[in-house]
Amino acid sequence: MAESLEICSFLIGRHQLVCPCATGRPDIKSIESYLLDKKVMNPLTLTRLTKIPVADWADPRDISYHLWKHQKKEDILGYSSEEDAEAIKDLNSKLIEFAAIIKGDKCLNTWGFGMDDVIMLPWLRRLTCIKGVVFPDVVKEYMSTVGAQVEDYTKHAV
């Protein structure tokens, strides 16, 4: 959750302690609903994330607990190779759709950063652990807004 707090801190600093509320825009909600669907995000990221060389996964007990916790909730931990390839293809299509809803200068809304961005940026960052995901240039630019303080997993993607 530290990454989310860094994004919040960045936004609060940029807006001088003002962070506009989430807008409830239907186009943003549609992408959020897709990403948060347990049949999309979880099977594509739950096991991949544990292979990223970060402190969160340095201890094998943390990986075991993570997987146990999600198995207990009956989350889908992964797909077959064919299902995985199809899910990544679908995700890439959604990312093209997402590019079209970025209305501001490196932010979702024309007036600047807000809770819509705070909610979306961590989910997009999580997708960087997936080898084969293609982020359109405008989405990469949007994701780069928060700078180096939020690590991109692309170089370790599996």
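This section reports on the structure supplied with the text. Along each chain, residue indices are assigned from 1 in the same order as the chain's sequence is written. pLDDT decides what is reported in this predicted model: residues at 70 or higher carry local features, side-chain atom pairs at 80 or more are listed and counted, and totals for whole chains, interfaces and linings draw on all residues regardless. With hydrogens and water stripped out, all remaining heavy atoms of the structure feed into the side-chain values.

### Some words on the overall build of the protein
(1) Moving on: Secondary structure elements follow DSSP: runs of H or I of four or more residues count as helices, runs of E of two or more count as strands, with numbering from the N terminus. Of the regular secondary structure elements, the protein holds seven helices and zero strands.
(2) Moving on: Put simply, the protein runs from its N terminus to its C terminus through helices and strands in the order α-α-α-α-α-α-α.
(3) Moving on: Rg of the C-alpha trace for the protein: 16 Å, near the compact-globule value of 15 Å for 158 residues, within the 12% margin.
(4) Moving on: Principal-axis analysis of the C-alpha atoms places the extent of the protein at approximately 40 × 30 × 30 Å.
(5) Moving on: Only protein chains enter the accessibility calculation, which uses a 1.4 Å probe; a residue whose area is less than 20% of its type maximum is buried, one above 50% is exposed, and one in between is partly exposed. Within the protein, the proportion of its 158 residues that are buried is 43%. Put simply, the radius of gyration uses C-alpha atoms, and a globule should come to 2.2 Å times the residue count raised to 0.38.

### As for helix α3 (residues 41-49)
(1) Moving on: For α3, a buried count of eight out of nine residues is recorded, marking the element as mostly surrounded by other parts of the structure.
(2) Moving on: Those residues of α3 not exposed but buried are Met41, Asn42, Pro43, Leu44, Thr45, Leu46, Arg48 and Leu49.

### Re the packing of aromatic side chains
(1) Moving on: Stacked, tilted and edge-to-face pairs are distinguished by plane angle, under 30 degrees for stacked and over 60 for edge-to-face with tilted covering the rest, among Phe, Tyr and Trp rings (Trp via its six-membered ring) whose centres lie within 6.5 Å. Within the structure shown, the criterion is met by two aromatic pairs.
(2) Moving on: Relative to Trp68, the ring of Tyr65 has its centre 5.9 Å away and its plane inclined at 35°; by these criteria the two rings are tilted. Separated by three residues within a single helix, Tyr65 and Trp68 lie in helix α4 (residues 60-72), roughly one turn from each other.
(3) Moving on: Taking the ring centre of Tyr34 as reference, the NZ or CZ of Lys94 above it sits at 5.2 Å. We call a charge positioned above a ring when the Lys NZ or Arg CZ atom is no farther than 6 Å from the ring centre and deviates by at most 35 degrees from the ring normal.

### Description of the nonpolar core
(1) Moving on: Buried Ala, Val, Leu, Ile, Met, Phe, Trp, Tyr and Cys residues that are joined via side-chain atoms within 4.5 Å together make up what is termed a nonpolar core. Ranked by internal contacts, the top residues of the largest apolar core, which has 35 residues, are Leu35, Leu91, Phe98, Met120, Leu124, Leu127 and Tyr142.
(2) Moving on: Within the residue set of this core, elements represented by two or more residues are α2 (26-36), α3, α5 (81-100), α6 (115-127) and α7 (137-143).
(3) Moving on: With six residues, the single largest contributor to this core is α5.
(4) Moving on: For Leu91, the contacting residues outside a window of four places in its chain are Tyr34, Leu35, Leu44, Leu127, Ile130 and Val133. In this description, contact between two residues means that some pair of their heavy atoms is separated by no more than 4.5 Å.

### Points about the packing of α2 against α5
(1) Moving on: Here α2 crosses α5 at 160°, and the two axes come no closer than 11 Å. With respect to α5, the axis of α2 lies roughly antiparallel. Like other packed secondary-structure pairs, α2 and α5 cross with a definite hand, here left-handed. Between α2 and α5, the contacting residues are Ser30, Ile31, Tyr34 and Leu35 on the first element and Ala87, Asp90, Leu91, Lys94, Glu97 and Phe98 on the second. Only the stretch in contact is used when fitting a helix axis, every axis being a line fitted to C-alpha atoms; angles between N-to-C directions are given from 0 to 180 degrees. If an angle is under 35 degrees, it is roughly parallel; if it is over 145, roughly antiparallel; if it lies from 65 to 115, roughly perpendicular; otherwise it is oblique. Left-handed describes a crossing whose near helix is turned anticlockwise from the far helix by less than a right angle; the clockwise case is right-handed.

### Let's talk about the pattern of salt bridges
(1) Moving on: We count a salt bridge whenever a side-chain nitrogen from Lys or Arg sits within 4 Å of a carboxyl oxygen from Asp or Glu. In the structure shown here, the tally under the stated rule is seven salt bridges.
(2) Moving on: Close ionic contact of Arg25 with Asp27 constitutes a salt bridge, the shortest N to O distance being 2.8 Å.
(3) Moving on: Put simply, Lys73 and Asp75 hold a salt bridge, and the shortest N to O gap is 4.0 Å.
(4) Moving on: When its relative accessible area of 9% is taken as the criterion, Asp75 is described as buried.

### A look at α6
(1) Moving on: Given the number of residues in a helix, its expected span is that number minus one, multiplied by 1.5 Å. Here α6 contains 13 residues, and its C-alpha end-to-end distance of 19 Å stays within 8% of the 18 Å for a straight helix at 1.5 Å per residue.
(2) Moving on: With ten of its 13 residues buried, α6 lies for the most part within the structure.
(3) Moving on: Of the positions making up α6, those classed as buried are Asp116, Asp117, Val118, Met120, Leu121, Pro122, Leu124, Arg125, Arg126 and Leu127.

### Topic: the environment of Gly24
(1) Moving on: For Gly24, the position within the fold is in the loop between α1 (2-14) and α2.
(2) Moving on: Of the residues examined, Gly24 reaches a relative accessible area of 42% and is grouped as partly exposed.
(3) Moving on: Spatially, the C-alpha atom of Gly24 lies 33 Å from that of Val54, the residues being 30 residues apart in sequence.
(4) Moving on: Apart from residues no more than four positions distant in its own chain, Gly24 is found in contact with Lys29 and Asp116.

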